[in-house]
Amino acid sequence: MKRRLFISTGFYSTLLASVIASEDNLQYEDYLLITIDRQSVDSNRLWANRLHRWKDIDFINHEDFYASKINYTHSVNFFDVVFSPFPEMFLTITSAFPSENYSYYEEGLTSYYQFYNDQFLSGDFYFCLHPYIYNQKYELNSLPVKISKVIEKLEVISRCYRVPLIEGNNNVVIIGHGGFPDENHNLLMIEEYFNVIKNFSKKGYNVILLGHTRFSVDENLLHYLRSSNEINFKYIEHDSPTSDVFLLKNAKNIKILSGVYSTLLVNAKDLYGIEVEPFDSATLSERQYKLKEIQSLLLNYKL
């Protein structure tokens, strides 16, 4: 039987990898390699095994993967196909994981950005949820991941986690920011979030601040919000590894999803039927500005 490797950057990436792998898994043994960054090995393994029957799952530290030479040797010395998220890592991937064929799949905004900025080879295959932004890139084979299959996987795995259910239908959900530690001016970002939540509250919405799955919301922000008599808000955390499960279970009661930039914002309309209103931030790094730009393109693209 042929062997296929999927390199995942975490929970969301593993979700999409499982959808692609499930399409034609009868002819392949599927292997999964997950890069670990601020998330536990055990929870990643459990999530992955609930999504797909992998031949083997292994892990690599963030620092060992994102290096000039990947510090890892797989037990399988040759794969028929290797799926990875980032075309800019082509040379390091081909060096570390010998294969007959290399393809790519979406892991979030970063992979969208790299392909949009032509960091690929002519003839490359890229599987993603929103391939329409590449309609003029004829040298790239941009192929759609089936949204129905993603929803199907989420509906099944949602039974494994207990997420809070919100009441009413006048709710705005604001997602917490997931930037790298020390990448942002936190005090300024706190002020920005406070003002956005305050403005939505003044418009009569029930505002829900949703904790990011990698970061708890800043305690100072929560203190300021709870101390204000002008704001109607609720802070929610949940035990699901991705907030996609929370959105899936609460979609009918969410009027608007808001945040600075996130794959959740890009997917909200197509996957869950939720309207999106991103807000700006003066705290973003150069890397983050680029991701926000690709988010704007995805959200506003005219077919």
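An account of the accompanying structure is given in this report. None of the values given here were measured: they were computed from a predicted structure.

The rules behind the values
- Residues numbered from 1 in each chain as written.
- Predicted model: local features only at pLDDT ≥ 70, side-chain atom pairs only at ≥ 80, totals over all residues.
- Heavy atoms only, no water.
- Phe/Tyr/Trp six-rings, centres within 6.5 Å; stacked < 30°, edge-to-face > 60°.
- Helix = DSSP H or I, 4+ residues; strand = E, 2+ residues; numbered from the N terminus.
- Buried < 20%, exposed > 50% of the residue type's maximum accessible area, 1.4 Å probe, protein only.
- Lys NZ or Arg CZ within 6 Å of the ring centre and 35° of its normal.
- Salt bridge = Lys/Arg side-chain N within 4 Å of Asp/Glu carboxyl O.
- Pairing = 2+ DSSP bridges.
- Axes fitted to C-alpha atoms, helices over the stretch in contact; angles between N-to-C directions.
- Contact = heavy atoms within 4.5 Å.

**Regarding the packing of aromatic side chains**
Each aromatic ring pair is specified by the distance between its two centres and by the angle formed by the two planes.
Here is step 1 of the chain: Under the defined criterion, the tally for this structure stands at 20 aromatic pairs.
Here is step 2 of the chain: Where Tyr132 meets Tyr301, the ring centres are 5.5 Å apart and the plane angle is 40°; that geometry is what we call tilted. One end of the pair, Tyr132, is in the loop between β6 (125-128) and β7 (141-144); the other, Tyr301, is in the segment after α11 (286-300), with 169 residues separating them in the sequence.
Here is step 3 of the chain: Take Tyr132: its relative accessible area is 19%, and that puts it in the buried class.
Here is step 4 of the chain: Among the aromatic residues, those joined into a ring-pair cluster are Tyr104, Tyr112, Phe115, Phe120, Tyr126 and Tyr134.
Here is step 5 of the chain: Positioned above the aromatic ring of Tyr116, the side-chain terminus of Lys137 is 5.1 Å from the ring centre.

**Here we look at the pattern of salt bridges**
Here is step 1 of the chain: Evaluation of the coordinates by the stated rule reveals nine salt bridges.
Here is step 2 of the chain: Residues Arg4 and Asp30 are paired through a salt bridge, measuring 2.7 Å at the closest nitrogen-oxygen approach. Highlighted residues: Arg4 in strand β1 (residues 2-8) and Asp30 in strand β2 (residues 28-36), separated in sequence by 26 residues. Both residues of the pair, Arg4 and Asp30, count as buried.
Here is step 3 of the chain: A salt bridge links Glu230 to Lys198; its shortest N-O distance comes to 3.6 Å. Taken as a pair, Glu230 in the loop between α8 (219-227) and β10 (233-236) and Lys198 in helix α7 (residues 186-202) lie far apart in primary sequence, 32 residues in all.
Here is step 4 of the chain: Here the salt bridges share partners, and the residues they tie into one network are Arg3, Glu29 and Lys55.

**Notes on the sheet that holds β1**
Working definition: the strands of a sheet are paired by backbone hydrogen bonds and lie parallel or antiparallel to each other.
Here is step 1 of the chain: Taken together, the seven strands give an open sheet; going across it, the order is β3-β2-β1-β4-β5-β6-β7, and neighbouring strands pair in parallel fashion. On the outer flanks of this sheet lie β3 (56-61) and β7, each paired with one strand and no other. Direction aside, neighbouring strands of the sheet carry axes that sit 25° apart on average.
Here is step 2 of the chain: Bridging between β1 and β2 involves seven bridges; their strand directions are parallel. Each residue of the ladder has a partner; that of Leu5, found in β2, is Tyr31.
Here is step 3 of the chain: Against the sheet, helix α2 (residues 41-51) engages β2 and β3, with an angle of about 145° to β3.

**Examining the environment of Gly204**
Here is step 1 of the chain: Note on placement: Gly204 falls in the loop between α7 and β9 (206-210).
Here is step 2 of the chain: On the accessibility criterion, Gly204 (43% relative accessible area) is partly exposed.
Here is step 3 of the chain: Each C-alpha atom, one on Gly204 and one on Asn232, is 8.5 Å from the other, the two residues being 28 residues apart in sequence.

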